[in-house]
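# Observations on the three-dimensional arrangement
Okay, here's what each chain looks like letter by letter:
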Amino acid sequence: MSNATINGRRALTLSTRARDRVQVGRLGPSRLRIALSYAVLVPVTILFVSPIIYMFIASFKPNNEVLSGFAVFSPQDLSLNNYLSIFSRFSGPDTGTFTGFLTTSLLVSSVTVVGGLAVNSIAAYALARLRWPGRNLLLLGVIALVIVPFEAIAVPLFYMLDGLRNTYLVQFLPFIASPFSIYLFYSFFAGLPKSLEEAARVDGAGAWRTFFSIMLPNAKPAFATVAILQFMSSWSSFLWPVMVIDDPTVRPLPLAISVYVGTPPYGWGNIMAFGVMMVLPMLVVFLIFQRWFIRSVVASGVKG
Amino acid sequence: MGQFGPNGPGCFGQAQIGGTTTEVDNVKPGSRLASTTAAFALLLAVGCGGGTTNATVNGGSGKGTIVVWADQSQSGQDKATQAEVAAFNASQTDVKAVLKFIPDADLDKTNQATSPKELGDVVQVDGPYMQAWIREGKLGPINGLVSAQTIQNQIPSVIAQDTVNGKLYMVAQIDSGLGIYGNKALLGAAGITYPTGLDNVWTADQFTADLAKLAAKNPSGKALDLKLNYQGEWPTYGFLPIVYSAGSTVMTGGKAAGHLDSTQVVAAAKTFASWKPYVDANTDDSAFVKGRVAMSWVGHWVYPAYSKALGSNLVVMPLPDFGNGTKTGQGSIAWGINTSRGNGKAAAKLLDFFANDANVTDYTSGAVDGDGAVPATKTALAESTLYAPSGPLYLFAQQLNKTCGSGPATKDCVAVPRPQTPGYPVISSDFSAAWFNIFNGADPQAELTKAAQLIDTDFQDNGGYQLSG
Amino acid sequence: MLLRPKTPVASVQQDTGAAVVMVIPAFLGLLAFVAVPFLLAIFLSTQNLHFGSGLGPTWMGLEQYRRLLLDPLFSADFYRALINNATFAVVVVPAQTGLALAIALLLNRSLRGMPIFRTFFFMPVVFPMALVSVIWKLIYAPDDVGMLNTVLKVVSFGHIQPHDFLGDPKTAMAAIIVTSIWSGVGFQMVILLAGLQSISGSLYEAAAIDKAGKWQQFWNITMPGLRNTLVFVVMVTTILSLRLFDQVYIMTRGGPLNATTTVMYQAVTAAFDRGNIGNAAAITVVFFVLVLAIALIQRWFLREEREIA
């Protein structure tokens, strides 16, 4: 910086280079830089998303054209046949119906998520922000349980819950309390500045009041993340339902896709169509929550 | 149904926590710990019911509602089953059959996890897994329940596959056929002399040489499709016959060591592995149909698609002879009765219905998108055009007619049932893993010896999987 | 009016009451549906139990463990699985995190349409791993029909021959790694992006005034500011990556020649293909102990800096 004089007063002025940089900061990047950014971002994004595009297009193509190199992207032979055949294949109580599968999956996943958000968030808050005997021990226990994969407990859990076969209950009950969700919430709450609660506590607010009035509004990103993750995990759950459900009327979606996967001739087009239908609700849930998520993250400037 | 197709692996049958089930029925969430302790205790104690062949429980009154668990595989078969059940219900009022489909790939895990009480009255089971089911108390003998006439009309290969200790457990609508489909045009263009029947089969060496010739002529550089894209039971079904064709067995005297890994099998495995450069990966499942390969080693279920694509250009040939004569597979999905539920007599009526000529023909014929399966009754087989001596699939019928039954595989018999033991799922799992490793370049002796040892260890752990009674 | 602060003793007591109530539902759920089954699994690992067997479990003591760790018949596959798991984690954690950071930096601008780009990068996360595996299985299909082979051929003007990615022991693991990174990078990116946006912009302005270059800004402002976020992301990704199962089950079945077999794959096939519950349980117990050790070591090395909670 140079010590020049302006109007007789000594003033700190910036060197030319620094001035340019600050100017850049004030007015925004130059047009060239914006164009460059897009020039990089757009192709990279398209390349990244191409497998998803492939899936969508393949779902409208006949089975034997799905694996044909670039030819699959040609606009010929597009049809809804794959989707229609899913409905005709699953047409009654003996096979289950697509809407039935969808309803089951929606019901089970929604209950898991709503229950999970409630149960896991308050537990994490207690672990992160309250002081009480046994807290550290329990925290250690939760973290240890994060490591236990579902496959390890599937069979023992099955032995325990065999009496609840073919119900909705058995599909969501074991998954409401989730070590991973608690850990996510815990990390989030622990990272919030203490000052947030201090005012309320000094005013005599109890733990519950503090949770609802201070923590909750500031924890939207965490709630959104946990909601999305728990929904996904429940929606795509396969191993557990396959063991405890045989009744087609309470069967969730992933079990039905096996019809196309296990038996030749493999209907790749059918599988892609089924995949699209399975993923759409999750995309919707995600789109709903992500705007909330991103907006609130930017607004509150909270550490992850 | 079911074309036997690549089922999910290993049907282990269920947690014979038949006892435990009643304990934890309707347990309130709060007392879960209590019920878990009960589960522990029960596991430690006698454990489960079953373990014995299902005593012929009282067959019931022959009336009432029965639940039918069917394998959901090909849509043509599903429709056929639906139609048959509807016709059964319409034809009489004593028994009402309620149908429930389980997708083929889920079937094994679901079955493993279901106790006999919760399983259907009528169940569809893949032949070689039958003994495992019996051991878990999910299947009972059907002699005396199903009519003698039905039993008498079943073809010998089915009887051989589905009988244990002199008692019959299942009745079939179909049996399976396995062979090599060929594209006459491509074979002719490469100058290959191919077998026209069971009298002039390839030797393994001739076959290998012919593969090279065919690959040289084909722009794809490949000659053979082994359905590598199939999972589950396929590798065992498709390739276990090679073990018998090589002059050995899988297990003898309860031991696999010395048999599965004998020198003959190792040699055959080496030959098999040498075909790899000529084999198409078949991810799109249409290598044969699109002409990338001249031959396809697969079962009956592809016949409709293949004949549609190749027409009169299609030929069906026996598998190569590895020294002990050509051998092929047999056995498919069949219907059994879960007698532990006490509705044996009513269930048997449905089985009789399924096994009558009209339904068998319906199921297997092109009329309902049949899949080319071999009709499992003598009379239907005699009337079938596909399987008549002049028919395109006559070879399959011939092979089944020359079944080795439960005796040793001699040079002359052709169709060999897969090992008949409750421990079959382990055999299938370990064999197919070893076989694919060998195909991908692993040392055949090491892999087969390892598979044999794994099988033996498992059998030892489980007391040889004895079936009492 | 004087505000009388509550005494610390009193507030701890009150906290305890509320804390217990808050924690009870989750605690009961975890106990009943995670802890107890796992204890049961530990118990079962000492038994010989066949899934569906008519006989109850019989005592085997530590035989399952002996086999798994010492008997070459069983342990060769298990150790290979451990090596594969380690390879996968060691490659995926840095690569996926680095890639996520790069994308987050790229997206950390106020250009128009940023939310759309963010959404696209996050999309794969919403797909179940099984579906992702099926799609990529098609992409990796051998011969000219596979999408990747076609792309490579076009891009190289025909020089690159079609390759069987999933069928070649040398490339199978790499193929699975790419699929996994594609699927998970969006999740990390979003978290890192949030972390980036929480770093105060004035720090950058001050640095600019001090003539600090972009690179210096990155190392001295961005990285320290992201430290906690990064630590969280790395730990979670490590634990999740060690559970590799779905891709292997669908794309390669542990092959070819054990190139992609993993611990969880072996546990599941032991339980459901071979019906050997004792063996499967032993595998998962060993897995748990190993991962716990890794997580503890990681945590010790990467202690987060937090405000005292």
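My aim in this report is to walk through the structure given alongside it, one point at a time. Quick caveat, the model's predicted, so the values are computed rather than measured.

### A word on the overall build of chain C
- Of regular secondary structure, chain C possesses twelve helices and two strands.
- Going residue by residue from the N terminus, the α and β elements of chain C occur as α-β-β-α-α-α-α-α-α-α-α-α-α-α.
- Compactness check: chain C gives a C-alpha radius of gyration of 25 Å against a globular reference of 19 Å for 309 residues, more than 25% above the reference.
- By principal-axis analysis of the C-alpha atoms, chain C measures approximately 75 × 70 × 30 Å.
- Across the 309 residues in chain C, those meeting the buried criterion constitute 48%.
- Looking at chain C alone, contacts between residues at least 24 apart form 68% of all its contacts between residues at least 6 apart.

### Quick word on helix α10 (residues 207-218) of chain A
All names here are of chain A.
- The end-to-end C-alpha separation of α10 is 15 Å, in line with the 16 Å expected for twelve residues at 1.5 Å each.
- Among all positions of α10, only Ala-207, Thr-210, Phe-211 and Met-215 are buried. The buried residues of α10 all sit within an arc of 100° when viewed along its axis, so they share a single face. Projecting away from the buried face of α10 at angles above 90 degrees are the exposed residues Phe-212, Ser-213 and Pro-217.

### Some words on the nonpolar core
- Membership of the largest hydrophobic core comes to 176 residues, with the highest contact counts inside it found for Ala123(A) and Phe189(A).
- By residue number, the principal contributor to this core is helix α1 (residues 8-44) of chain C, which donates 14 residues.
- Setting aside residues no more than four positions away along its own chain, Phe189(A) makes contact with Ala124(A), Tyr125(A), Ala128(A), Arg129(A), Met215(A) and Ala219(A).
- Of all hydrophobic cores here, the second largest spans 131 residues; its members include Leu107(B), Val158(B), Trp435(B) and Ala451(B).

### Things to note about the interface of chain C and chain A
- If you look at the interface, chain C gives 77 residues, while chain A gives 81 residues.
- Partitioning the side of chain C that touches chain A into residue classes produces 56 nonpolar, eleven polar and ten charged.

### Considerations on the packing of helix α4 (residues 98-129) of chain A against helix α8 (residues 179-191) of chain A
All names here are of chain A.
- Where α4 meets α8, the axes come as close as 8 Å, and the angle between the chain directions of the two elements is 45°. Judged by the inter-axis angle, α4 sits oblique to α8. Of the two possible hands of crossing, α4 and α8 adopt the one that is right-handed. Residues Gly-116, Asn-120, Ser-121, Ala-123, Ala-124, Tyr-125, Leu-127, Ala-128 and Arg-129 of α4 form the contact with α8, whose own contacting residues are Ser-181, Ile-182, Phe-185, Tyr-186, Phe-189 and Ala-190.
- Considered class by class, the residues forming the contact of α4 with α8 number ten nonpolar, four polar and one charged.

### Observations regarding unusual backbone geometry
- Following Gly255(C), the chain continues to Pro256(C) via a peptide bond in cis, the omega torsion being -10°.
- In this fold, Pro256(C) is placed in the loop between α10 (246-252) and α11 (263-272).
- With a phi close to 55°, Asn166(A) is a non-glycine residue in the positive phi region.
- Of note, Asn166(A) is situated in the loop between α6 (150-161) and α7 (169-172).
- Judged by the 17 C-beta atoms lying within 10 Å of it, Asn166(A) is partly exposed.
- Phi is positive for Lys227(B), which is not a glycine, with a value near 55°.
- Residue placement: Lys227(B) occurs in the loop between β9 (224-225) and α10 (234-245).

### Section: the sheet that holds strand β12 (residues 314-317) of chain B
Residue and element names in this part refer to chain B.
- Pairing in this open sheet of five strands is mixed, and the strands run β10-β9-β11-β8-β12 from one edge to the other. Among the strands making up the open sheet, the edge pair consists of β10 (279-280) and β12.
- Bridging between β9 and β10 involves two bridges; their strand directions are parallel. Following the sheet pairing, Asp-225 is matched in β10 by Asp-280.

The rules behind the values
Residues numbered from 1 in each chain as written. Chains lettered and ligands numbered in written order. Predicted model: local features only at pLDDT ≥ 70, side-chain atom pairs only at ≥ 80, totals over all residues. Helix = DSSP H or I, 4+ residues; strand = E, 2+ residues; numbered from the N terminus. Rg over C-alpha atoms; globule rule 2.2 N^0.38 Å. Buried ≥ 20, exposed ≤ 12 C-beta atoms within 10 Å, placed from the backbone. Contact = placed C-beta atoms within 7 Å. Expected span 1.5 Å × (residues − 1). Arc of directions from axis to C-beta. Core = buried A, V, L, I, M, F, W, Y, C linked by C-beta atoms within 7 Å. Nonpolar A, V, L, I, M, F, W, Y, C, P; charged D, E, K, R; others polar. Axes fitted to C-alpha atoms, helices over the stretch in contact; angles between N-to-C directions. Parallel < 35°, antiparallel > 145°, perpendicular 65-115°, else oblique. Left-handed = near helix turned anticlockwise from the far one by under 90°. Pairing = 2+ DSSP bridges.

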